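# Structural description and commentary
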Amino acid sequence: MTEAERPTLRILFWNVNGQPRSELIAALCEENQVDVLVVAEWDYPPNEIVLALANRGIAMRWTGESDSRLHCFSVPLLKTREIYTNISGKLAIYQFQWQSIKFLLAATHLLSGMSTETDDRDVEATKVADEVRQKENERSNHRTIAIGDFNLNPFNRGLAQAIGFHGVMT
């Protein structure tokens, strides 16, 4: 499929919770014609997902470079590369070019609600959002999609406040 034939970009995020789900991931990507796949808590070689996708006739490549538990895969049509992973491995940022649009995809997996209070998770979200803004400024590109397992409700401060992710309803 050429760029002109692809009117939308389909992105899938899944926190697999350390489970080896490459076949299910591949089936989901095939069913939904996914262009970009981001997987959190994947503790296996990224090539396992690439092979499972290939077995279904889906050509995707791993676009990562780090040892993060966040992994991004994309169709070859997209010019994709990892540009940043923070030291905690809770944030990975990828640069994309789709059609004539250059954008960033910030994938995150923040602290679990099972082991931390909401206030602590709000603070972490604010710090991660600030890291995203820093990378946007470095690249002079403020077209960013933030995706991931934030472990917060949509109206928690870390997601809704301007110093956080500044999430809005639309």
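About the thresholds
- Residues numbered from 1 in each chain as written.
- Predicted model: local features only at pLDDT ≥ 70, side-chain atom pairs only at ≥ 80, totals over all residues.
- Heavy atoms only, no water.
- Buried < 20%, exposed > 50% of the residue type's maximum accessible area, 1.4 Å probe, protein only.
- Helix = DSSP H or I, 4+ residues; strand = E, 2+ residues; numbered from the N terminus.
- Pairing = 2+ DSSP bridges.
- Axes fitted to C-alpha atoms, helices over the stretch in contact; angles between N-to-C directions.
- Contact = heavy atoms within 4.5 Å.
- Expected span 1.5 Å × (residues − 1).

With that out of the way, let us pick up the pairing of strand β6 (residues 91–98). Across the 8 residues of β6, 6 count as buried, placing the element largely inside the fold. Sheet analysis places strand β5 (residues 79–85) next to β6, joined by 6 bridges and oriented antiparallel. Counterpart to Y84 in the pairing with β6 is I93. Here β5 hands over to β6 after 5 residues, with G89 in that stretch at a positive phi of 75°. Two elements, β6 and strand β7 (residues 101–109), share 8 bridges in a ladder whose sense is antiparallel. Bridge pairing links I93 to A106 in β7. Hairpin remark: β6 followed by β7, antiparallel, with 2 residues in the connecting loop; positive phi at Q99, about 55°.

What follows covers the sheet that holds β5. Overall, mixed pairing links the 4 strands, which are arranged β5-β6-β7-β8 in an open sheet. Sheet topology places β5 and β8 (144–149) at the edges, where each strand pairs with a single neighbour. The mean angle between the axes of side-by-side strands here comes to 20°, regardless of whether they run parallel or antiparallel. Those strands touched by helix α3 (residues 118–139) are β5, β6, β7 and β8, and its axis lies near 40° from that of β6.

Let us now look at α3. The terminal C-alpha atoms of α3, which comprises 22 residues, lie 32 Å apart, in line with the 32 Å expected from a rise of 1.5 Å per residue. Taken together, the buried positions of α3 are occupied by R121, D122, E124, A125, V128, A129, E131, V132, K135 and E136. Those residues of α3 that are buried lie in contact with β5, β6, β7, β8 and α4 (157–160).

On to the environment of E124. Considering the arrangement of structural elements, one finds E124 in helix α3. Separated by 33 residues in the primary sequence, E124 and L91 place their C-alpha atoms 11 Å from one another. Once residues lying within four places of it in the same chain are set aside, the contact partners of E124 are K90, L110 and L111.

Structurally, N156 can be placed in the loop between β8 and α4. The residues contacting N156, other than those within four sequence positions of it, are T118 and D122.

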